[in-house]
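Residues per chain, in single letters:
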Amino acid sequence: PAGSNKLTADVRVPPSTCFVTFLDEDGKELAKEEIDIGTSAADKAPKPTKTSDKDYLTYTFKGWDKDITNCTEDMTVTAVYEATFKNTFTDLKEKD
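Overview of the structure. This is a predicted model, so every value here is computed, not measured.

Here is what the cut-offs are and how they apply
Residues numbered from 1 in each chain as written. Predicted model: local features only at pLDDT ≥ 70, side-chain atom pairs only at ≥ 80, totals over all residues. Heavy atoms only, no water. Pairing = 2+ DSSP bridges. Helix = DSSP H or I, 4+ residues; strand = E, 2+ residues; numbered from the N terminus. Axes fitted to C-alpha atoms, helices over the stretch in contact; angles between N-to-C directions. Buried < 20%, exposed > 50% of the residue type's maximum accessible area, 1.4 Å probe, protein only. Contact = heavy atoms within 4.5 Å. Lys, Arg positive; Asp, Glu negative; His and termini not counted. Salt bridge = Lys/Arg side-chain N within 4 Å of Asp/Glu carboxyl O. Polar contact = N/O pair within 3.5 Å; in protein donor to acceptor, adjacent residues only side chain to side chain.

### Describing the pairing of strand E2 (residues 29-36)
In this sheet, E2 lies alongside strand E1 (residues 17-23) in antiparallel orientation, the contact comprising seven bridges. Counterpart to valine 20 in the pairing with E2 is glutamate 33. Linking E1 to E2, which pair antiparallel, is a turn of five residues; within it glycine 27 sits at a positive phi near 90°.

### Comments concerning the sheet that holds strand E4 (residues 75-85)
Read from one edge to the other, the open sheet built from four strands follows the order E2-E1-E4-E3, with strand pairing classed as mixed. The open sheet has two edge strands, E2 and strand E3 (57-64), and neither has a second partner. Between one strand axis and the next, the sheet turns through 30° on average, direction left out of account. The sheet contact formed by E3 and E4 spans seven bridges and is antiparallel. Each bridged residue has a counterpart across the sheet, and for threonine 58 the counterpart in E4 is threonine 84.

### Examining the environment of alanine 31
Of note, alanine 31 is situated in strand E2. Relative accessible area serves as the criterion here: at 15%, alanine 31 is assigned to the buried category. Spatially, the C-alpha atoms of alanine 31 and valine 20 are 8.2 Å apart, while their sequence positions differ by eleven residues. Contacts of alanine 31, omitting those with residues within four sequence positions, involve Val20, Thr21, Phe22 and Pro46.

### A look at the side chain of aspartate 24
Mapped onto the elements, aspartate 24 comes out in the loop between E1 and E2. Buried within the structure, aspartate 24 lacks any salt-bridge partner; its nearest side chain of opposite charge belongs to lysine 28, at an N-O separation of 6.6 Å. Here the side chain of aspartate 24 touches tyrosine 81 through a polar contact of 2.7 Å, side chain to side chain. Dropping the residues within four chain positions of it, aspartate 24 is found in contact with Leu30, Thr49, Thr78, Ala79 and Tyr81.

The structure is reproduced here in structure tokens:
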């Protein structure tokens, strides 16, 4: 109608959450979790394991390749493992 004013606004609300994708070292997706912006993803992070090799090495999960304690945007993190040698000399005795 004549004399009416119409105002249209395009209001964009920043996201309140982000997604953290957790990958194993081989690139396989372990989990994808929605996290509140500015919070830690540590409580929702999977606890990956890596099978020891047959003879020499055992693997311990050490953490993620990026900081997940203050998530501010979508991110992908990859598991980091530490390799240690197995004790292969468990029962060596001198022969008489």
